[in-house]
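The primary structure of each chain is shown beneath.
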Amino acid sequence: MKISVVIPTFNRPHTISKAVDKIIANTVQPDEIVIVDQTPDNSTFEALLTLIEAGKVIYIKEAFPSLSKARNIGWRKAIGDVIAFTDDDAMVDLRWIENIKKSFERKDLNIGVLGGKVIPFYEEKNPDWTIPKRWEYLLPVYNQGNSLESFREGAFPAGVNYSMYRSLLEKFNGFDEAIGPQAGRKIQIPCEDAELALRLDKSIFNLIYNPSCIVYHPVPLSRQNPEFINNRVLEDGACSAYFEIKTNPSTMSYLFSLFKSIVKYFYFSLAKSIGK
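Student: Would you mind going over the overall build of the protein with me for this structure?
Tutor: From N to C terminus, the protein includes eight helices and nine strands. The 276 residues of the protein split such that 52% are buried. Considering only intrachain contacts with a sequence separation of at least 6, the fraction spanning at least 24 residues in the protein is 81%. Accessible surface for the protein amounts to roughly 13,300 Å². Of this, 55% is attributable to carbon and sulfur atoms.

Here it is, written out as C-alpha cells:
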C-alpha cells in the first residue's frame, strides 16, 4: 500500500518547511509528499528548495488560490493508494503515517474517510480573551475520545487530518471546487472536506475516527479574538446553507437554512457583547 501526503500551501513559507520536517521524521515514511503552492511570489519555493533538490518533496506551482483546487491537483498528481491531507502550518504526530497505514490495512473498517484528533497548540496566548468551549470546533479542534470508532452523528474529519483511498477520490471526483477557502470570495464556505464526506454512501463507507491519528494545529493570536470566531460562525452558517441547497434545493429549505445561519451569527455577537 502506497501512501501520499498532499499539502496545499498559501503564503506560509515560514511554516511549510516545519510541517514537512515533521512528516519526514515519522516512524513510517510516506511514499511521497506533494506540495501544491499557491503563493503568488517565490517565497515558498525558496523555503522548500533544499527539500525539493533532495527529492524529499514533489513541488507543484498553481496560480489561483483555492484550497479545494489545490487538494484536487495534489491527489491527481500523487501515486499513492491512500492520500493523506494535512495543512501547511500543522504538525503531525510522529506516528501519523504509521497509524494511517494500520487503519487502512483493516478491511473490516470499510473506510470512506479517516480522521482523528486535532489538538490545538498555542505559541502565545491572548491574555484578555479565551475562546468559549462551545466554539472551539471552529479553530478547528476535534477530540471525541480514545476509542477507534465512527465519527459521531453530524461530525466530520477535518481537512487538516483527512485520509482517503485514491479510488474513492476518483469515484467522487474529489473536492467540490465551488467551495472551500478561495481568493476573492467575500464570505468563505470552508466545508469542502465535510461536503466530500457527505457524498459517500454511508451504507458502504464509514467515516472512521482513529484517536492515534493525531495532528497538532496552531492557534495564532489572529484567531484568539471574538471577531475571528464571529466570522467563522458566519462561515459555518454559509456551509449549512450550502449543504441544505445541495440536498434539498427548494426555496423554503434555503430560507430556513439562511435564517439559522443569521441566528447563529447574532447569537455569538450577543454572547460576545455580554462577555459569555
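That covers the picture; the talk isn't over yet.
Student: Can you walk me through the packing of helix α6 (residues 192–199) against helix α7 (residues 226–247) in this structure?
Tutor: Packed helix pairs are characterised by how far apart their axes lie and by the angle those axes make with each other. At a minimum axis distance of 11 Å, the contact between α6 and α7 shows a crossing angle of 30°. Comparing the axis directions of α6 and α7 gives the class roughly parallel. Note on packing geometry: the crossing formed by α6 with α7 is right-handed. Across the interface between the two elements, A194, E195 and L198 from α6 touch Y242, F243 and K246 from α7. Split into classes, the residues belonging to the contact of α6 with α7 amount to four nonpolar, no polar and two charged.

Student: It is not clear to me how the packing of helix α1 (residues 13–24) against helix α2 (residues 43–53) should be interpreted in this structure. Could you clarify?
Tutor: Relative to each other, α1 and α2 sit at 30°, their axes nearing to 8 Å. Between α1 and α2, the crossing angle belongs to the class labelled roughly parallel. For the pair α1 and α2, the sense of crossing is right-handed. Of α2, the residues touching α1 (which contributes P13, I16, S17, V20, D21 and I24) are S43, T44, A47, L48 and L51.

Student: Please explain the pairing of strand β1 (residues 3–9) as it appears in this structure.
Tutor: The side chains of a regular strand alternate between both faces of the sheet. Burial analysis of β1 places seven of its seven residues in the buried class, which makes it a mostly covered element. Residues I3, V5, I7 and T9 line one face of β1 and the alternating positions S4, V6 and P8 line the opposite face, and both faces are buried. A crossover connection joins β1 to the parallel strand β2 (residues 32–37) through α1; in handedness this β-α-β unit is right-handed.

Student: What's the story with unusual backbone geometry in this structure? I'm lost.
Tutor: Note: most residues except glycine have negative phi, and most peptide bonds are trans. Between L139 and the following residue, P140, the backbone shows a cis peptide bond with an omega angle of 5°. Relative to the elements of secondary structure, P140 occurs in the loop between β6 (111–121) and β7 (149–150). Located in the positive-phi region is N110, a residue other than glycine, with phi close to 45°. Mapped onto the secondary structure, N110 falls in the loop between α4 (96–105) and β6. If you check the backbone angles, N173 has positive phi at about 60° while not being a glycine. Taking relative accessible area as the criterion, N173 reaches 53% and is therefore assigned exposed.

Conventions we followed
- Residues numbered from 1 in each chain as written.
- Predicted model: local features only at pLDDT ≥ 70, side-chain atom pairs only at ≥ 80, totals over all residues.
- Heavy atoms only, no water.
- Helix = DSSP H or I, 4+ residues; strand = E, 2+ residues; numbered from the N terminus.
- Buried < 20%, exposed > 50% of the residue type's maximum accessible area, 1.4 Å probe, protein only.
- Contact = heavy atoms within 4.5 Å.
- Areas by Shrake-Rupley, 256 points an atom, 1.4 Å probe, with all protein chains shown as cover.
- Axes fitted to C-alpha atoms, helices over the stretch in contact; angles between N-to-C directions.
- Parallel < 35°, antiparallel > 145°, perpendicular 65-115°, else oblique.
- Left-handed = near helix turned anticlockwise from the far one by under 90°.
- Nonpolar A, V, L, I, M, F, W, Y, C, P; charged D, E, K, R; others polar.
- Right-handed = clockwise from strand over helix to strand, strands pointing away.

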